[in-house]
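Secondary and tertiary structure notes
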Amino acid sequence: MDEEQLEAFKEELTKTFFFSILKDLSEIGETLTDFEVKVLIQKALSHSPDLQVEWGEMDRFGNSTLLVKYESNLLLIEASPLISAIRILWNEYKSKEN
């Protein structure tokens, strides 16, 4: 994969991820837990057929490590900050809506 293809892949993945998260959040009428956010994140990343996505085993990788395989590459993502940010922002939004 050359630099141009990599940039196009990253841009498409970013769009797909954020649009999926926004779509799924719009269908939720209540506050979220960390577990529910983890489900949303995995679902959003799973829209890309080039990626294999799963949460790492808690005893090996910790509570919120996402394993993303692309071709022969494995990316470990410590997703706690992302999970917290989505949960806090959504829950604040929902509390102001009521």
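Structure: see above.
Residues numbered from 1 in each chain as written. Predicted model: local features only at pLDDT ≥ 70, side-chain atom pairs only at ≥ 80, totals over all residues. Heavy atoms only, no water.

**What to know about the overall build of the protein**
Within the protein one finds 4 helices and 3 strands. From first element to last, N terminus to C terminus, the protein shows the α and β order α-α-β-α-β-β-α. With the C-alpha coordinates of the protein rotated into their principal frame, the extents come out at 50 × 35 × 20 Å. Relative to its full complement of 98 residues, the protein shows a buried share of 32%. Long-range contacts, defined as pairs at least 24 residues apart, comprise 42% of the intrachain contacts of the protein with a sequence gap of at least 6. Carbon and sulfur atoms make up 56% of the accessible area of the protein, which totals about 6,900 Å². Averaging the positions of the 10 positive and the 19 negative side-chain charges in the protein gives two centres separated by 5 Å. (Helix = DSSP H or I, 4+ residues; strand = E, 2+ residues; numbered from the N terminus. Buried < 20%, exposed > 50% of the residue type's maximum accessible area, 1.4 Å probe, protein only. Contact = heavy atoms within 4.5 Å. Areas by Shrake-Rupley, 256 points an atom, 1.4 Å probe, with all protein chains shown as cover. Lys, Arg positive; Asp, Glu negative; His and termini not counted. Charge placed at Lys NZ, Arg CZ, Asp CG, Glu CD.)

**What to know about the pattern of salt bridges**
Under the definition given, this model contains 6 salt bridges. Across the pair Lys10 and Glu7 runs a salt bridge whose closest N-O atoms are separated by 3.2 Å. Taken as a pair, Lys10 and Glu7 lie in helix H1 (residues 3-26) at a separation of 3 residues, close to a single helical turn. Classification of Lys10 as partly exposed rests on a relative accessible area of 40%. (Salt bridge = Lys/Arg side-chain N within 4 Å of Asp/Glu carboxyl O.)

**Some remarks on H1**
Between its terminal C-alpha atoms H1 stretches 35 Å, which fits the 34 Å expected from 24 residues at 1.5 Å a residue. On its buried face, H1 sits against helix H2 (34-45), strand S1 (51-55), strand S2 (65-70) and helix H4 (80-97). Two or three places before Glu4, at the opening of H1, Asp2 has a side-chain oxygen 3.2 Å from that residue's backbone nitrogen. (Expected span 1.5 Å × (residues − 1). Polar contact = N/O pair within 3.5 Å; in protein donor to acceptor, adjacent residues only side chain to side chain.)

**Points about the packing of aromatic side chains**
By the definition in use, this model includes 3 aromatic pairs. When the ring of Phe17 is compared with that of Phe18, the centres are 5.2 Å apart and the planes differ by 85°; the resulting orientation is edge-to-face. What makes Phe18 partly exposed here is its relative accessible area of 47%. The aromatic ring of Trp55 is capped on one face by Lys38, whose charged end is 4.9 Å from the ring centroid. (Phe/Tyr/Trp six-rings, centres within 6.5 Å; stacked < 30°, edge-to-face > 60°. Lys NZ or Arg CZ within 6 Å of the ring centre and 35° of its normal.)

**Notes on the environment of Lys94**
Within the fold, Lys94 resides in helix H4. Judged by its relative accessible area of 10%, Lys94 is buried. Considering only alpha carbons, one finds Lys94 and Glu30, 64 residues apart in sequence, at a separation of 6.8 Å. With near-sequence residues (within four places) excluded, Lys94 lies in contact with Ile28, Gly29 and Glu30.

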